[in-house]
Structure formats: C-alpha cells, structure tokens
Amino acid sequence: AGRFGYNLDQTLDKLRPFYSFDVSCIGTVPPAIIAFLESKDYEDAVRKAVSLGGDSDTLACITGAIAHAFYKQVPREAEERVRQMLPSDLLMVLERFSARYPL
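What counts, and where the lines are drawn
- Residues numbered from 1 in each chain as written.
- Predicted model: local features only at pLDDT ≥ 70, side-chain atom pairs only at ≥ 80, totals over all residues.
- Heavy atoms only, no water.
- Helix = DSSP H or I, 4+ residues; strand = E, 2+ residues; numbered from the N terminus.
- Buried < 20%, exposed > 50% of the residue type's maximum accessible area, 1.4 Å probe, protein only.
- Contact = heavy atoms within 4.5 Å.
- Core = buried A, V, L, I, M, F, W, Y, C linked by side-chain atoms within 4.5 Å.

Caption draft 1: Structural context of unusual backbone geometry. Of note, the phi angle at K72 is positive, near 65°, even though the residue is not glycine. Position of K72 relative to the elements: it lies in the loop between helix 4 (56-71) and helix 5 (76-85). Exposure remark for K72: the relative accessible area of 51% places this residue in the exposed category.

Here it is as structure tokens:
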C-alpha cells in the first residue's frame, strides 16, 4: 500500500464496472495512477482515465500530468487545441510555467 495507503493492485477492467464519482484523494488518485500504469502513451493514458467515468475530468487531469512527466510530450493536435481555447491570461501562465520548467 506504500506511503499513502493506495491500492494499486487493481486493474481498470476490474475498477470500471464499480467506479463512481468520488472527490476524495483515496477514491481518485489510485485510479488515475492505475490508468497511467496501464497506458502506452499520453493519449492512451488520458483516454483510459476518462473511460472510468465518475469525476473523469479530475481523473484525466491527474493521469495527464503523470503521463506528460513520464512520456515527455503531449500530442501536438491536443496541445494546439488547448492553446486555442485558453483565455489569454491563462495562456500567459502556461507560457511562463513552460519556460521556467521545461521538460
């Protein structure tokens, strides 16, 4: 169970039928990590997280952050689409963060 007591021995296939909206760390972080561990690339990780349902935007954010750090890239199409949708103030935050913490 490790430092935080998370059970990472489950699979997405076993979680999916029973997973529901859960805003707690113990109910969200382990499934997000499992989605990453079962992935083959960034997009696969995010898709697997979303496939669980429940609080899927939070799951996707957590899984996507882990996948980005591990795989070192986000598909260009996804990055371009996000940049188009972000308001200018948030785009500026993204640019400053990326400049300060490059991969």
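On we go.
Caption draft 2: Geometry of the environment of A32. By the secondary structure assignment, A32 is in helix 2 (residues 25-37). Each C-alpha atom, one on A32 and one on L90, is 25 Å from the other, the two residues being 58 residues apart in sequence. Those residues in contact with A32 that sit more than four places away from it in its chain are L59, I62 and T63.

Caption draft 3: Up close: the nonpolar core. Of all hydrophobic cores here, the largest spans nine residues; its members are L12, L15, Y19, A32, I34, A35, A49, L52 and L59. Only helix 1 (12-15) and helix 2 provide two or more residues apiece to this core. Each residue touching A35, except ones within four places of it in the same chain, is listed here: L12, A45, K48, A49 and T63. A45, V46, A60 and A67 belong to the second-largest nonpolar core, a separate cluster that totals six residues.

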